[in-house]
Amino acid sequence: MNAATLLHLDASPRGARSHSRQLGREFVATWQASHPTGLVVIRDLAATPPPFVSEPWVEGAFTPPAGHSPAAQAAMTISNAYVDELLAATEIVITTPLYNLSIPAVLKAWIDQIVRFGRTFEKAPQGFNGLVTGKKVRVLVASGSDFRPAMSGGGYNFLEPYLRAVLGFIGLTEVEFVYAHSLSQSPDVSAEAITAAIAASRKLAAA
Ligand SMILES: Cc1cc2nc3c(=O)[nH]c(=O)nc-3n(C[C@H](O)[C@H](O)[C@H](O)COP(=O)(O)O)c2cc1C
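> A description of the packing of aromatic side chains should follow, citing residues and the corresponding values.
For the structure on display, the rule yields 6 aromatic pairs. Measuring from centroid to centroid gives 6.4 Å for W57 and F62, while their planes differ by 70°, and the two rings are edge-to-face. Members of the aromatic cluster, each reached through a chain of ring pairs, are F117, F121, F128 and F169. The lysine or arginine in question, K123, covers the ring of F128, its NZ or CZ lying 4.9 Å from the ring centre.

Spelled out as structure tokens, the structure:
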């Protein structure tokens, strides 16, 4: 196993005002305290969005490397860097806003870079096998309303089921979610939700 390495992905464009980033900072501080020699690798997806899938990307991902065009080679160099970083991590924390019932486009762009045939999943006799196993994933979500699965907005929460499905597809099945919810509600309601989400994030980071 690699030395403890936390891959930290941020997806909010809101810098210091972001509630999901606030949860991430709390998570990382606690994780570092419980992993004094651990390494934290930060990918700020909002500051540097991953490229979208392009025709050269598809050529690179689904044809043998020997015949790749220069554009396909360039697309795979970028994608491989994201995949290598994911494979090297022992744990992953994703901080993200809930946007329009689901994930922000920059997080989807990252997913499209790392779901790779032969690298993060393979064909198996009965379907597909995920190749990214044995890593915990924590997803720290900020939302304006209460989109926790068991709550009133839960039926419109496509973020959690989608992330569980796509991360599970590549082998990441140990996924836990924390919600800083109701942030567009009254100050006392949102403050209570943030306090609870910070405590839950710290608890997961120390686990
Ligand atoms: C484009 C956009 C779409 C949003 N869609 C939703 C939504 O579907 N449900 C919700 O509860 N909040 C929604 N929100 C509110 C954000 O989830 C909320 O402001 C959250 O705090 C943003 O995360 P951040 O503070 O980390 O930037 C949306 C906000 C924006 C800017």
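> With reference to specific residues and values, describe the pattern of salt bridges.
Tallied over the entire structure, the rule returns 9 salt bridges. For the salt bridge of R21 with D10, the shortest nitrogen-to-oxygen distance reads 3.5 Å. In this pair, R21 is assigned in helix α1 (residues 19–34) and D10 in strand β1 (residues 5–10), connecting sequence segments 11 residues apart. Judged by its relative accessible area of 7%, D10 falls in the buried class. For D84, the salt bridge goes to R119, with nearest N and O atoms at 2.8 Å.

> Quick rundown of the packing of helix α3 (residues 70–88) against helix α4 (residues 105–114)? Include the residues and the values.
Relative orientation of the contacting elements α3 and α4 amounts to 90°, with a least axis distance of 8 Å. Regarding the angle of α3 to α4, the classification is roughly perpendicular. Between α3 and α4, the contacting residues are S79, Y82, V83 and L86 on the first element and W110, Q113 and I114 on the second. Partitioned by chemical class, the residues of the contact of α3 with α4 number 5 nonpolar, 2 polar and no charged.

> Residue-level account of the side chain of S201, with values.
With respect to the element layout, S201 can be found in helix α6 (residues 187–206). On the basis of relative accessibility, which here comes to 0%, the residue S201 falls in the buried class. What S201 contacts, discounting residues up to four positions off in sequence, is L23, F27, L140 and V178.

Rules behind the numbers
Residues numbered from 1 in each chain as written. Predicted model: local features only at pLDDT ≥ 70, side-chain atom pairs only at ≥ 80, totals over all residues. Heavy atoms only, no water. Phe/Tyr/Trp six-rings, centres within 6.5 Å; stacked < 30°, edge-to-face > 60°. Lys NZ or Arg CZ within 6 Å of the ring centre and 35° of its normal. Salt bridge = Lys/Arg side-chain N within 4 Å of Asp/Glu carboxyl O. Helix = DSSP H or I, 4+ residues; strand = E, 2+ residues; numbered from the N terminus. Buried < 20%, exposed > 50% of the residue type's maximum accessible area, 1.4 Å probe, protein only. Axes fitted to C-alpha atoms, helices over the stretch in contact; angles between N-to-C directions. Parallel < 35°, antiparallel > 145°, perpendicular 65-115°, else oblique. Contact = heavy atoms within 4.5 Å. Nonpolar A, V, L, I, M, F, W, Y, C, P; charged D, E, K, R; others polar.

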